[in-house]
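The chain contents come next:
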Amino acid sequence: MSNTDDHIVDVLNKLIPRLQEAGADAVQIHVTWVDENGLTHTRHHGLGNWNARRGMAQQFIEKDSARNNCQVEYTEYREEGDDV
């Protein structure tokens, strides 16, 4: 692991239990970063109810997809020259 990777894992290992102590039933965090060689790295850490964590991830994907679809449709509509 790189220094950045070690540092991110250390922060996650401290942050996630604190969130649970604060009352969170489920925590799921996704982190990405680019190293000095231009390579992208990803870490996924979480604690708590597995079904809740999966549900949060699924909800994020669905909302993000809906938002992106809305933006694409709006852009296509505007490109046709129609007034909005």
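Just above, that's the structure.
No experiment lies behind these values; they were computed from the predicted model shown. (Residues numbered from 1 in each chain as written. Predicted model: local features only at pLDDT ≥ 70, side-chain atom pairs only at ≥ 80, totals over all residues. Heavy atoms only, no water.)

**A word on the overall build of the protein**
When helices and strands are tallied, the protein shows 2 helices and 2 strands. Within the protein, buried positions represent 14% of all 84 residues. Within the protein, contacts between residues at least 6 apart in sequence are counted, and of these 35% link residues at least 24 apart. Just so you have it, the protein exposes about 6700 Å², and 49% of that area is on carbon and sulfur atoms. (Helix = DSSP H or I, 4+ residues; strand = E, 2+ residues; numbered from the N terminus. Buried < 20%, exposed > 50% of the residue type's maximum accessible area, 1.4 Å probe, protein only. Contact = heavy atoms within 4.5 Å. Areas by Shrake-Rupley, 256 points an atom, 1.4 Å probe, with all protein chains shown as cover.)

**A closer look at the pairing of strand S1 (residues 26-34)**
Note that S1 and strand S2 (residues 40-48) share 9 bridges and pair antiparallel. Residue pairing in the sheet places Thr 32 in a bridge with Thr 42 of S2. As consecutive antiparallel partners, S1 and S2 are separated by 5 residues, and within that stretch Gly 38 has a phi angle of approximately 85°, a positive value. (Pairing = 2+ DSSP bridges.)

**Quick look at the side chain of Arg 53**
Note that Arg 53 resides in helix H2 (residues 50-79). The charged side chain of Arg 53 is buried without a salt bridge, its nearest counter-charge being Asp 25 at 12 Å. Residues within four places of Arg 53 in sequence aside, it is in contact with Ala 26, Val 27, Gln 28, Gly 46, Leu 47 and Gly 48. (Lys, Arg positive; Asp, Glu negative; His and termini not counted. Salt bridge = Lys/Arg side-chain N within 4 Å of Asp/Glu carboxyl O.)

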